[in-house]
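Each chain, letter by letter, is given below.
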Amino acid sequence: MVEKFIQDHSGEHTIYQLWKNLPRKMMYQTYKVILSYLLSINKIAVDSDNVVGYIWNEQLGKRYKLKTSLRWD
């Protein structure tokens with residue numbers, strides 16, 4: 001739910017505003033764990049103003065996964 005909301009509203013909200021505008025409420029600690037995970041796998045980025053943007057490109061990821069010259073560990 002969080003990832004989909006960020007993808008739909010990329011670049012519109014800060015971290016806190018995003019949490020307040022989620023379609024369903026969740027604990028802030030849980031939300032922060034989800035954000036931390038999405039940051040660690042490079043699906044989102046946070047700028048200096050704490051605005052969250054979705055940066056994952058699914059088509060590009062699929063294209064690179066098909067390359068035999070790349071190794072996936």
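This text gives an overview of the structure that appears in the document. (Residues numbered from 1 in each chain as written. Predicted model: local features only at pLDDT ≥ 70, side-chain atom pairs only at ≥ 80, totals over all residues. Heavy atoms only, no water.)

**Some remarks on the overall build of the chain**
For clarity, the cut-off: Secondary structure elements are defined from DSSP: runs of H or I of at least 4 residues count as helices, runs of E of at least 2 residues count as strands, and each element is numbered from the N terminus. It is over C-alpha atoms that the radius of gyration is taken, and the globule rule equals 2.2 Å times the number of residues to the power 0.38. With a 1.4 Å probe rolled over the protein chains alone, any residue whose accessible area is under 20% of its type maximum counts as buried; one over 50% counts as exposed, and the rest are partly exposed. The criterion used for residue contact is that any of the two residues' heavy atoms lie within 4.5 Å. In short, Shrake-Rupley with a 1.4 Å probe defines the accessible areas, and a residue's cover is counted only from the protein chains shown. Counted as positive: Lys and Arg. Counted as negative: Asp and Glu, with His and the chain ends omitted from the count. All charge positions are set by atom: Lys at NZ, Arg at CZ, Asp at CG, Glu at CD.
In terms of helices and strands, the chain carries four helices and two strands. In summary, the chain has a C-alpha radius of gyration of 14 Å against a globular reference of 11 Å for 73 residues, an excess of more than 25%. Along the longest, intermediate and shortest principal axes, the C-alpha atoms of the chain span 45 × 25 × 20 Å. For the chain, the residues scored as buried account for 25% of the 73 residues in total. Considering only contacts in the chain between residues 6 or more positions apart, those separated by 24 or more positions represent 42%. Total accessible area on the chain is roughly 5700 Å²; 53% of this is exposed by carbon and sulfur atoms. The centroid of the 11 positive side-chain charges in the chain is displaced by 6 Å from the centroid of its 7 negative side-chain charges.

**A look at the side chain of His-13**
Note that His-13 resides in the loop between helix 1 (2-8) and helix 2 (15-20). In this structure His-13 touches Phe-5, Leu-18, Asn-21, Asn-50, Val-51 and Val-52, once residues within four positions along its chain are discounted.

**Quick word on the packing of aromatic side chains**
Here is the rule: In summary, the pairing rule links any two rings of Phe, Tyr or Trp, Trp by its six-membered ring, whose centres are within 6.5 Å, and it sorts them by plane angle into stacked for under 30 degrees, edge-to-face for over 60 and tilted for everything else.
Applying the stated criterion across every chain yields a total of four aromatic pairs. On the basis of an interplanar angle of 40 degrees and a centroid distance of 5.8 Å, the ring pair of Tyr-28 and Tyr-31 is categorised as tilted. Linking Tyr-28 with Tyr-31, this pair stays in helix 3 (residues 28-40), spanning three residues, or about one helical turn. You can call Tyr-28 partly exposed: its relative accessible area is 30%. Three or more aromatic residues joined by ring pairs form one cluster here, namely Tyr-16, Trp-19, Tyr-28 and Tyr-31.

**Here's the deal with the nonpolar core**
When a protein is soluble and globular, its nonpolar side chains tend to lie buried together. The cut-off we apply is this: Here the nonpolar core consists of buried residues drawn from Ala, Val, Leu, Ile, Met, Phe, Trp, Tyr and Cys, with membership extended through side-chain atoms lying within 4.5 Å.
Ranked by internal contacts, the top residues of the largest apolar core, which has 13 residues, are Ile-6, Leu-18, Leu-22, Tyr-31, Leu-35, Ile-44 and Val-52. For Ile-6, the contacting residues outside a window of four places in its chain are Leu-18, Leu-35, Leu-38, Ile-44, Val-52, Gly-53 and Tyr-54.

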